[in-house]
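If you want the building blocks of each chain, they are given just below.
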Amino acid sequence: MGKGSGYGKVIMLGEHFVVHGVPGVVSAIDASTDAEVKKSTKLNIRDERKTSKGYGEEKRLQQIESIERMLTAMQLEPNLPLDIWIGGSLPGFSGLGASAASSVAIARAISEELGLNLPNEKINAVAYEGEKAYAGNPSGIDNTAATYGGLMWFKKNTTNNQDFVEKLYLKRPVEIVIGSTGKTANTKLMVEGVAERKKKNPQKYEPLFKQAENLVVAGRKALEDGDLKKVGALMNENHHILQELGVSSKELDLLVDMARKQGAFGAKLTGGGGGGCMVALTPGKEVQGKVASAFKTAGYEFLATKISVQF
Ligand code: MEV
């Protein structure tokens, strides 16, 4: 039997814009998806992840397509019969990179089961192919975080596959709270919607892309300087331009407001939006606890964790 894992992630700044070549800041989180793979006589997927309602059904066809794409990328038969088990500590909530984490975990488990010995670089490239089933035209930020872990600066190269990835190191890990709306979102439709609206209305969207680029650059500096108030303010600005982009939702805005009211330094949606998750910057146990208990009282699932943890 082959085994593998992939990290979950939270995008602190730059989602959606990152698909179009704007840099992004992403951190792996201390929750991962695990996979076990065994050669078999037919394809059998046992998905035992904890998920939001409807996640498994919504993603089922994309999951099968993703596995076929990954097998093809490994120069194997796309219909290779395998027994695949998926589980682990990362919940299947939209926005946490659950699809990328599962792609990386499955790619690693297949590699081990078939003795392919694929290095991380190849696992990442294979998982990127798998991500296409879930996101259509993914930037690659999710699978890169899922493969390597840590906090990183990511810039997609929109003309070839040579993305620019740099690990970032903070003075200390910083507390965050990730809140889940409980709504499953279709990343592919969200990414396509942005591309279409940008094409139709460049006068409105191009300035937003410029604003996004500036704020991600400023956010990286503020993170590295330890100026967390500034990082929070930039996350708030980022949420605002994501609203302008049309990818937020009523529930995401509600959770973002709730977190800010409890003292979060900043809050924004994270990942594809349209449901899924938001992230609040909550340095120190006290603010983190306040935001977490507000979510709990209101009946929302959450993860209280840290960014920039080196695993
Ligand atoms: C999804 O986690 C992040 C998006 O920017 C898509 C991508 O970068 O592939 C929405």
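Please read all numbers here as calculations on a predicted model, not as lab measurements.

K.L.:
An account of the overall build of the protein is requested, with residue identities and associated values reported.
P.N.:
On a plain count of helices and strands, the protein comes out with 9 helices and 10 strands. Compactness check: the protein gives a C-alpha radius of gyration of 18 Å against a globular reference of 19 Å for 311 residues, within 12% of the reference. By its C-alpha atoms, the protein is 55 × 40 × 35 Å across when sized along the principal axes. Here the protein, with 311 residues, has 55% of them falling under the buried criterion. Entry remark: accessible area of the protein is about 13000 Å², with carbon and sulfur atoms responsible for 50%. Averaged over its 40 positive side-chain charges, the protein has a centre that lies 3 Å from the centre of its 35 negative ones.

K.L.:
Account for unusual backbone geometry, with residues named and values stated.
P.N.:
Phi angles above zero are rare outside glycine, and Q75 is one such case at about 60°. Note that Q75 resides in the loop between helix 1 (55-73) and strand 4 (82-88). Taking relative accessible area as the criterion, Q75 reaches 72% and is therefore assigned exposed. Even without being glycine, N117 reaches a positive phi, approximately 55°. Its location among the elements puts N117 in the loop between helix 2 (98-113) and helix 3 (120-135). With a relative accessible area of 70%, N117 lands in the exposed category.

K.L.:
I'd like to hear about the packing of aromatic side chains, residue by residue, with values.
P.N.:
A complete count under the given rule lists 1 aromatic pair for this structure. Geometrically, the ring pair formed by F17 and F209 is edge-to-face, given 4.8 Å between the ring centres and 75° between the ring planes. Here the residue F17 occupies a position in the loop between strand 1 (2-13) and strand 2 (24-39), and F209 occupies one in helix 6 (residues 202-225), the gap between them amounting to 192 residues. With a relative accessible area of 0%, F17 lands in the buried category.

K.L.:
Any chance you could break down the pattern of salt bridges for me, citing the residues and the numbers?
P.N.:
Evaluated as defined, the whole model comprises 13 salt bridges. Through salt bridges that share partners, E166, R220 and E224 make up one connected network.

K.L.:
Report on the site of the ligand, specifying residues and quantitative values.
P.N.:
Around the ligand, the structure places 13 residues, and the nearest of them are K9, H16, P138, S139 and D142. Here an oxygen atom of the ligand sits 3.1 Å away from a polar atom, N or O, in the side chain of K9. S139 is positioned with one of its side-chain polar atoms (N or O) 2.6 Å from an oxygen atom of the ligand. Burial of the ligand by the surrounding chains reaches 97%, relative to a free accessible area of 300 Å².

K.L.:
Requested: an account of the sheet that holds strand 8 (residues 266-270), with residues and values cited.
P.N.:
One open sheet accounts for 4 strands, arranged 8-9-7-10; its pairing is antiparallel. Of all strands in the sheet, those bounded by a partner on one side alone are strand 8 and strand 10 (302-307). Sheet twist, expressed as the average angle between the axes of neighbouring strands with direction ignored, equals 25°. Where strand 7 (residues 174-180) meets strand 9 (residues 277-281), 5 bridges bridge the pair, whose relative direction is antiparallel. If you follow G179 over to strand 9, its bridge partner there is M278.

K.L.:
Outline the side chain of T181, supporting the account with residue identities and numerical values.
P.N.:
Tracing the sequence through the fold places T181 in the loop between strand 7 and helix 5 (187-200). Owing to a relative accessible area of 10%, T181 belongs among the buried residues under this scheme. A polar side-chain atom of T181 sits 3.1 Å from the main-chain amide nitrogen of K183. One polar contact links the side chain of T181 to the main-chain carbonyl oxygen of G276, over a distance of 2.8 Å. With near-sequence residues (within four places) excluded, T181 lies in contact with E251, L252, L255, G275, G276 and Y300.

K.L.:
Please set out the pairing of strand 3 (residues 44-47) residue by residue, giving values where relevant.
P.N.:
A regular strand places its side chains so that they alternate between the two faces of the sheet. Note: strand 3 against strand 4, 4 bridges, orientation parallel. Residue N44 lies in a different strand from strand 4, and its bridge partner there is D83. Handedness of the β-α-β unit built from strand 3, helix 1 and strand 4 comes out left-handed.

Conventions used here
- Per chain, residues are indexed from 1 in the order of the written sequence.
- Local features in a predicted model are, by the rule used here, given only for residues with pLDDT of at least 70; side-chain atom pairs are given and counted only at 80 or more, and totals for whole chains, interfaces and linings are based on all residues.
- Computation of side-chain values covers all heavy atoms of the structure but excludes hydrogens and water.
- Under the scheme used here, helices are H or I runs from DSSP no shorter than 4 residues and strands are E runs no shorter than 2 residues, and both carry numbers assigned from the N terminus.
- Only C-alpha atoms enter the radius of gyration; for comparison, a globular chain is expected to reach 2.2 Å times N to the power 0.38, where N is the number of residues.
- Buried means the residue's accessible area, taken with a 1.4 Å probe over protein chains only, is under 20% of the maximum for its type, while exposed means over 50%, and partly exposed covers the values in between.
- The method behind every accessible area is Shrake-Rupley, applied with a 1.4 Å probe, and residues are considered shielded solely by the protein chains displayed.
- Counted charges follow a simple rule, with Lys and Arg positive, Asp and Glu negative, and His plus the chain ends left uncounted.
- Every charge is mapped to an atom, namely NZ of Lys, CZ of Arg, CG of Asp or CD of Glu.
- Aromatic rings from Phe, Tyr and Trp, with only the six-membered ring used for Trp, were paired whenever their centres fell within 6.5 Å, and each pair was classed as stacked if the ring planes differed by under 30 degrees, edge-to-face if by over 60, and tilted otherwise.
- By definition, a salt bridge exists where a carboxyl oxygen of Asp or Glu is found within 4 Å of a side-chain nitrogen of Lys or Arg.
- By convention in this text, a residue qualifies as near a molecule or strand provided that one of its non-hydrogen atoms is within 4 Å of it.
- Side-chain atoms alone can form a polar contact between residues adjacent in sequence; in general such a contact is a pair of N or O atoms within 3.5 Å, and within protein one must be able to donate a hydrogen while the other accepts it.
- Each pair of strands is called paired provided DSSP finds at least two bridges between the two strands.
- Interaxial angles span 0 to 180 degrees and are taken between N-to-C directions of axes, which are lines fitted to C-alpha atoms, for helices over the stretch in contact.
- Contact between two residues is taken to exist if any of their heavy atoms lie within 4.5 Å; hydrogens are not considered.
- If the strands point away from the viewer and the path from the first strand over the helix to the second runs clockwise, then the crossover is right-handed.

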